[in-house]
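# Close look at the chain arrangement
Residue-level listing of the chains:
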Amino acid sequence: MADTIEEIGPLTPATKLRRFVHWLIDRVIVVGVIFLAMIVVGIVGGDEALAWAERLTWWQDQLIGFEAIIVYYTLMEGLTGTTLGKLLTGTRIVDESGRKATFRQALLRSVTRVVPFEAFSVLLADEEDPRGWHDRWPRTRVVRTRRAVALTA
């Protein structure tokens, strides 16, 4: 098995469009998991659990969302180098040398995602190297690995 992506082919940065599509897919998945978890809490915990969920404040909702994002991305990227959204768009994360990113890099990427205005760092990034803070700070890249399942362009 090749040690680096470069041994398979050149590092081709994922475009902003691909990055947006896999971000959107992954966010839908995270929200869906939270929704399903709340259904399970309601079934298992009954009326008390539902009352607790209804009393959550805006910042508590945000905290739950941030935790879910950190857990999802860290586990997926730390273990496999990809997420479900990235799988569908034919992309993955690697370190700056093209090797598999470390679990520590995946954790730092995940924590960085909840920094206010971080999403704008990708939108304002250079087209040839569209890396946001969650790529630059842990020294990773999102690269194309193959023809995408969902996107053929």
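Here, every reference points to the structure presented above.
In short, a report on the structure. All values reported here derive from a predicted model rather than from experimental measurement.

## Quick word on the side chain of Arg109
Mapped onto the elements of the fold, Arg109 is located in helix α5 (residues 103–112). Among the residues examined, Arg109 registers a relative accessible area of 0% and is labelled buried. When residues no more than four places from it in sequence are discounted, the contact partners of Arg109 are Glu77, Lys86, Ile93, His134, Asp135, Pro138, Thr140 and Val142.

## Remarks on the side chain of Lys86
Locating Lys86 in the fold gives a position in helix α4 (residues 84–89). By relative accessible area, which is 1% here, Lys86 ends up buried. A polar side-chain atom of Lys86 sits 2.8 Å from a polar atom in the side chain of Glu77. Not counting the four nearest positions on each side in its chain, Lys86 is found in contact with His22, Asp26, Tyr73, Glu77, Thr91, Arg92, Ile93, Arg109, Arg113 and Val142.

## What to know about the packing of aromatic side chains
Counted under the stated rule, the structure contains 3 aromatic pairs. Ring centres of Tyr72 and Tyr73 lie 5.2 Å apart, and the angle between their planes is 80°; this geometry places the pair in the edge-to-face category. Side by side, Tyr72 and Tyr73 carry an identical accessibility label, which is buried. The lysine or arginine in question, Arg113, covers the ring of Tyr73, its NZ or CZ lying 3.7 Å from the ring centre.

Each value, and the rule that gives it
- Residues numbered from 1 in each chain as written.
- Predicted model: local features only at pLDDT ≥ 70, side-chain atom pairs only at ≥ 80, totals over all residues.
- Heavy atoms only, no water.
- Helix = DSSP H or I, 4+ residues; strand = E, 2+ residues; numbered from the N terminus.
- Buried < 20%, exposed > 50% of the residue type's maximum accessible area, 1.4 Å probe, protein only.
- Contact = heavy atoms within 4.5 Å.
- Polar contact = N/O pair within 3.5 Å; in protein donor to acceptor, adjacent residues only side chain to side chain.
- Phe/Tyr/Trp six-rings, centres within 6.5 Å; stacked < 30°, edge-to-face > 60°.
- Lys NZ or Arg CZ within 6 Å of the ring centre and 35° of its normal.

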